[in-house]
Amino acid sequence: QLGTASAGGSLTLADAANIDGNFSVLNGGSTTLTLTNQTLPFSGTDFNLTNLDTFTATGSTVVFDGTSQNLIGASQTLNNLTISGTVTAGTSDVSVSGTLTVDATKQLTIDTSRTLTMSAGSTTTINGTITGSGTLTLVDTAGANLGTGGTLSSVVRFNAATANVTVPARTYGGQVEFYNNTATNYTFTLGTAASQTLTFSSSFNPRADSTGNVTV
């Protein structure tokens, strides 16, 4: 637990550390968590970043390696996130700026109405499963960096925020959105080369919520 009901707190990792219990933050004052360039294996149940004021994750990796774990991201941004267990992203949204890795036989569930956002330039590697009724959002070049392995059955949103988007050839088990909420026209290219097959097992939804067009 970082902080108390009446005071804040600060935690800086100088070396790799393992958290075996739950992690939470109380809001009695200013709270800071710094993980710069460190690896943080987490085997507890709840990893809850709610009430965290300042989070520095540069170069770090958080590894979930337990069962029935909950990631409560509180709209914070992790650097690298590795799923080596069974994890649910629920209660609030979370972003990843580096690499999201789901190991073989492991599972990440994105809960209903929740979003896990992969920032532009980030990479998603799926050897296990990403599932759930929530949304995996891939911003700009994060789309082209979506791996083609494993099972992907959550909602997937390819978000053209500042650039055209490439949609990798793979099987998409859930709804897929090609999304533009800007005033600029963007193009969504299917596949990274000619003669590739993209399989959409659910609905396919080009969506322009502003004046910019979506071209597929």
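In what follows, the structure referred to is the one given above.
A few points on the structure.

Some thoughts on the overall build of the protein
Next up, step 1: The helix and strand inventory of the protein stands at 0 helices and 26 strands.
Next up, step 2: For a compact globule of 216 residues, the expected C-alpha radius of gyration is about 17 Å, and the protein comes in at 18 Å, within 12% of that figure.
Next up, step 3: Each principal axis of the C-alpha distribution contributes one length, and for the protein these read about 55 × 40 × 30 Å.
Next up, step 4: Put simply, the protein has 216 residues, and 47% of those count as buried.
Next up, step 5: The long-range fraction of contacts in the protein, counting pairs at least 24 apart against all pairs at least 6 apart in sequence, stands at 31%.
Next up, step 6: When the accessible surface of the protein is summed, it comes to about 9,000 Å², and 43% of that surface belongs to carbon and sulfur atoms.
Next up, step 7: Charge centroids of the protein, computed over 5 positive and 11 negative side chains, lie 11 Å from each other.

Side note on the packing of aromatic side chains
Next up, step 1: Enumeration over the complete set of coordinates arrives at 10 aromatic pairs.
Next up, step 2: Their ring planes at 75 degrees and their centres at 5.6 Å tell us that F47 and F64 sit as a pair that is edge-to-face. Of this pair, F47 sits in strand β4 (residues 46-48) while F64 sits in strand β6 (residues 61-64), and the two are 17 residues apart along the sequence.
Next up, step 3: Look at F64 and you get buried, because its relative accessible area is 0%.
Next up, step 4: Plain terms: the ring middles of Y172 and F200 are 5.4 Å apart, the flat faces sit at 15 degrees to each other, and that makes the pair stacked. With Y172 in strand β21 (residues 171-172) and F200 in strand β24 (residues 199-200), the pair connects residues that are 28 residues apart, well separated along the chain.
Next up, step 5: In this structure an aromatic cluster arises from ring pairing among F158, Y172, F178, F188, F200 and F204.

So, the pattern of salt bridges
Next up, step 1: A full pass over the atoms with the stated rule returns 4 salt bridges.
Next up, step 2: Between D93 and R114 there is a salt bridge, and its shortest N-O distance comes to 3.0 Å. A residue pair is termed long-range when its members are at least 10 positions apart, and D93 in the loop between β10 (86-89) and β11 (94-96) and R114 in the loop between β13 (107-110) and β14 (115-118) qualify at 21 residues.
Next up, step 3: Residue classification places D93 among the partly exposed residues on the basis of a relative accessible area of 24%.
Next up, step 4: Among the ionic pairs, R207 bridges to E177, the shortest N-O distance being 3.7 Å. Here the residue R207 occupies a position in strand β25 (residues 204-208), and E177 occupies one in strand β22 (residues 176-180), the gap between them amounting to 30 residues.
Next up, step 5: Residue classification places E177 among the buried residues on the basis of a relative accessible area of 7%.
Next up, step 6: When salt bridges with common partners are traced through the structure, they connect R157, E177, R207 and D209 into a single cluster.

Let's talk about the sheet that holds strand β3 (residues 39-42)
Next up, step 1: Ordered in space as β3-β6-β9-β12-β15, the 5 strands form an open sheet in which the pairing is parallel. In this open sheet, the two edge strands, each paired with only one partner strand, are β3 and β15 (123-126). Here the strands of the sheet are splayed against their neighbours by 10 degrees on average, with no regard to which way each runs.
Next up, step 2: Taken together, the 4 bridges between strand β12 (residues 99-102) and β15 define a ladder with parallel strand orientation. Among the inter-strand pairings, T99 is bridged to a residue of β15, identified as T123.

Looking at the nonpolar core
Next up, step 1: Ranked by internal contacts, the top residues of the largest apolar core, which has 49 residues, are F47, F64, L108, L116, I130, F158 and Y172.
Next up, step 2: The contacts of F64, once residues within four sequence positions are left out, are F42, F47, Q69, N70, L71, L81, T82, I83, S84, G85 and V87.

About the thresholds
Residues numbered from 1 in each chain as written. Predicted model: local features only at pLDDT ≥ 70, side-chain atom pairs only at ≥ 80, totals over all residues. Heavy atoms only, no water. Helix = DSSP H or I, 4+ residues; strand = E, 2+ residues; numbered from the N terminus. Rg over C-alpha atoms; globule rule 2.2 N^0.38 Å. Buried < 20%, exposed > 50% of the residue type's maximum accessible area, 1.4 Å probe, protein only. Contact = heavy atoms within 4.5 Å. Areas by Shrake-Rupley, 256 points an atom, 1.4 Å probe, with all protein chains shown as cover. Lys, Arg positive; Asp, Glu negative; His and termini not counted. Charge placed at Lys NZ, Arg CZ, Asp CG, Glu CD. Phe/Tyr/Trp six-rings, centres within 6.5 Å; stacked < 30°, edge-to-face > 60°. Salt bridge = Lys/Arg side-chain N within 4 Å of Asp/Glu carboxyl O. Pairing = 2+ DSSP bridges. Axes fitted to C-alpha atoms, helices over the stretch in contact; angles between N-to-C directions. Core = buried A, V, L, I, M, F, W, Y, C linked by side-chain atoms within 4.5 Å.

So far we have only geometry, and geometry alone does not tell us how the molecule works.
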